[in-house]
Amino acid sequence: MVIECKHVWNYISEYLDRTLDAATRDTVQRHLEHCEICSAILDSTRNILVLTADDRVFELPLGFSERLHSRLEQEFTKDPPLRPA
Ligand SMILES: [Zn+2]
């Protein structure tokens, strides 16, 4: 099973919570191994979780994931960098 980055983003919090089933977790894991974007997102998500891990209720600011996702959409739809001819 091959999944796209968008799907990985949906799975990241469950991935970190270890609530994904083994097959999905495996697929996400494999994607993360070769995708810099998703592994960067995983790292920053994990950092946020670590920072907020002590007893406090973990709440993302309203609209956080929407903003994150639309930022990512922008990155993906950007023109590819110019290459020397
Ligand atoms: Zn990816």
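Note that the coordinates shown come from a computational prediction; the quantities given were computed from them, not determined experimentally. (Residues numbered from 1 in each chain as written. Predicted model: local features only at pLDDT ≥ 70, side-chain atom pairs only at ≥ 80, totals over all residues.)

Some points on the nonpolar core
Link 1 in the chain: Membership of the largest hydrophobic core is limited to five residues, which are V8, Y11, V28, L32 and C38.
Link 2 in the chain: Listed by contribution, the elements that provide at least two residues to this core are α1 (5-17) and α2 (22-34). (Core = buried A, V, L, I, M, F, W, Y, C linked by C-beta atoms within 7 Å. Buried ≥ 20, exposed ≤ 12 C-beta atoms within 10 Å, placed from the backbone. Helix = DSSP H or I, 4+ residues; strand = E, 2+ residues; numbered from the N terminus.)

Description of unusual backbone geometry
Link 1 in the chain: Positive phi is not limited to glycine here, since R18 has a value of about 60 degrees.
Link 2 in the chain: Among the secondary structure elements, R18 is positioned in the loop between α1 and α2.
Link 3 in the chain: For R18, a count of 7 C-beta atoms within 10 Å translates into the label exposed.

A closer look at the UniProt feature "domain: Putative zinc-finger" (unreviewed entry) in the chain
Link 1 in the chain: Within this structure's numbering, the places UniProt gives as "domain: Putative zinc-finger" (unreviewed entry) are residues 5-38.
Link 2 in the chain: Along residues 5-38 one finds 85% helix and 0% strand; the C-alpha atoms at either end are 7 Å apart. (UniProt positions renumbered as here; feature names shortened; annotations may be inferred.)

Describing the confidence of the model for the chain
Link 1 in the chain: When the pLDDT values of the chain are averaged, the result is 81; 75% of them are 70 or greater.
Link 2 in the chain: Mean pLDDT per element in the chain: helix α4 (residues 64-77) is the minimum at 77, and α2 is the maximum at 95. (pLDDT = per-residue confidence, 0-100.)

Some details on α4
Link 1 in the chain: Taking 1.5 Å per residue, 14 residues should reach 20 Å; α4 reaches 20 Å between its end C-alpha atoms and fits that length.
Link 2 in the chain: Burial analysis of α4 places just zero of its 14 residues in the buried class, a small minority of the element. (Expected span 1.5 Å × (residues − 1).)

Details of the packing of α1 against α2
The description of two helices packed together rests on the angle between their axes and the distance between the axes.
Link 1 in the chain: Running from N to C, α1 and α2 cross one another at 115 degrees; their axes reach a closest spacing of 11 Å. On the basis of their axis angle, the class for α1 and α2 is roughly perpendicular. Between α1 and α2 lies a crossing whose hand is left-handed. Residues V8, Y11 and Y15 of α1 form the contact with α2, whose own contacting residues are T24, R25, V28 and H31.
Link 2 in the chain: In terms of residue class, the contact of α1 with α2 is made up of four nonpolar, two polar and one charged. (Axes fitted to C-alpha atoms, helices over the stretch in contact; angles between N-to-C directions. Parallel < 35°, antiparallel > 145°, perpendicular 65-115°, else oblique. Left-handed = near helix turned anticlockwise from the far one by under 90°. Contact = placed C-beta atoms within 7 Å. Nonpolar A, V, L, I, M, F, W, Y, C, P; charged D, E, K, R; others polar.)

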